[in-house]
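Read off the chains here:
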Amino acid sequence: MTGRRQAPRRAAVERASREVRVSAGRSAKVPKKRQSFGARLLSLGAMIFAGALAVGMSVPASAFGPAGGSEPAAAEVAPPQSDLQSVEVASDATAPETARDGYTVLSWAQMLVQKYGTHTYNWDPSNTGPIRWPFPMEVKISSGFGERAAPCNGCSSMHMGLDFQPPNNSPIYAIASGTVVQHSDDAFGYGNHVIIDHGDLLGDGVDVQTLYAHMQHGSVPLNVGDHIEVGDFIGLVGMTGTATGIHLHFEVHLDGVQVDPYKWLKANAK
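Thresholds, definitions, all that
Residues numbered from 1 in each chain as written. Predicted model: local features only at pLDDT ≥ 70, side-chain atom pairs only at ≥ 80, totals over all residues. Heavy atoms only, no water. Pairing = 2+ DSSP bridges. Helix = DSSP H or I, 4+ residues; strand = E, 2+ residues; numbered from the N terminus. Core = buried A, V, L, I, M, F, W, Y, C linked by side-chain atoms within 4.5 Å. Buried < 20%, exposed > 50% of the residue type's maximum accessible area, 1.4 Å probe, protein only. Contact = heavy atoms within 4.5 Å.

Draft legend 1. Main features of the pairing of strand β6 (residues 178-185). Inspection of the sheet shows β6 paired to strand β9 (residues 227-228) by 2 bridges, in the antiparallel sense. Within the sheet, the bridge partner assigned to G178 lies in β9 and is I228. Alignment of β6 against strand β7 (residues 192-199), held across 6 bridges, turns out to be antiparallel. Looking at the pairing, H183 lines up with V194 of β7. In textbook terms, the turn of a hairpin is the stretch between consecutive antiparallel strands, and for β6 and β7 this stretch comprises 6 residues, one of which, G189, has a positive phi near 60°.

Draft legend 2. Spatial organisation of the nonpolar core. If you look at the biggest cluster of nonpolar residues, it comprises 30 residues, and the most contacted ones within it are F164, Y212 and I234. Those elements that place two or more of their residues in this core are β4 (162-165), β7, β8 (208-215), β11 (248-254) and α3 (261-268). Excluding residues that lie within four positions of it along the chain, F164 makes contacts with W123, W133, P134, F135, V139, K140, I141, H247, L248 and F250.

Draft legend 3. Main features of the side chain of N268. Along the polypeptide, N268 turns up in helix α3. Ignoring any residue separated from it by four or fewer positions in sequence, one finds N268 in contact with I131 and L202.

Draft legend 4. Seen up close, the pairing of β8. The buried count for β8 comes to 7 of 8 residues, which makes it a mostly enclosed element. In terms of strand pairing, β7 meets β8 through 6 bridges, oriented antiparallel. Residue pairing in the sheet places V194 in a bridge with Y212 of β8. Across 6 bridges, β8 lies against β11 in antiparallel orientation. Directly across from A213, in β11, lies its bridge partner H249.

Shown next, in the form of structure tokens:
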């Protein structure tokens, strides 16, 4: 009896156990299916995001429209076309020849001569009156009175006299009667030079003095206080003191003021 009662109980237990396993199996399979669908959805979203990111980094921002609120550039508008003009050219027409002005090339020395030179100076050394030129013949004047290009280091750019350029050893003569007020045989400046006071030479109340400079050392026989007459010997042409060549530097002083010797001699020498 005991064995018979236990048989149905075991059978019931086994059925209940099978139902539980079936139920558990079904419940376990549902979450597994739902979890697989969510993973696929998440993977798809990641792929879409990665693609959008790649496109955004490779395509310039201007491709998506104006940036920074700037207005789009205005479209270029073609200007209205005007009526075309036609020009008729004769078959024998020729182009005009290009006109060229004549020119010459000057050296720097020639340009200085044109600006400062005195090569056009001329005078008549008649030497018969009370006022004469310092030479009995016309000689070259190498530098006039006034502004000039300094010919040497230490030479003046404002020339206060007239430079006569006769041959070396040429004698120099007094331009008028007077008294020697200065004679210095210097190594610099005027070199061997003499100043003669002619007093009121023109009768106009103006004192006239003349200066003769750069003469040869030892060539002047005069002393301070000596009275000389017009045309008397003064010395020999040289290049003592500050000089660049053999010449006589001659000055005229009116009441102690240096004036243009050329203009003064041209107006008064006879």
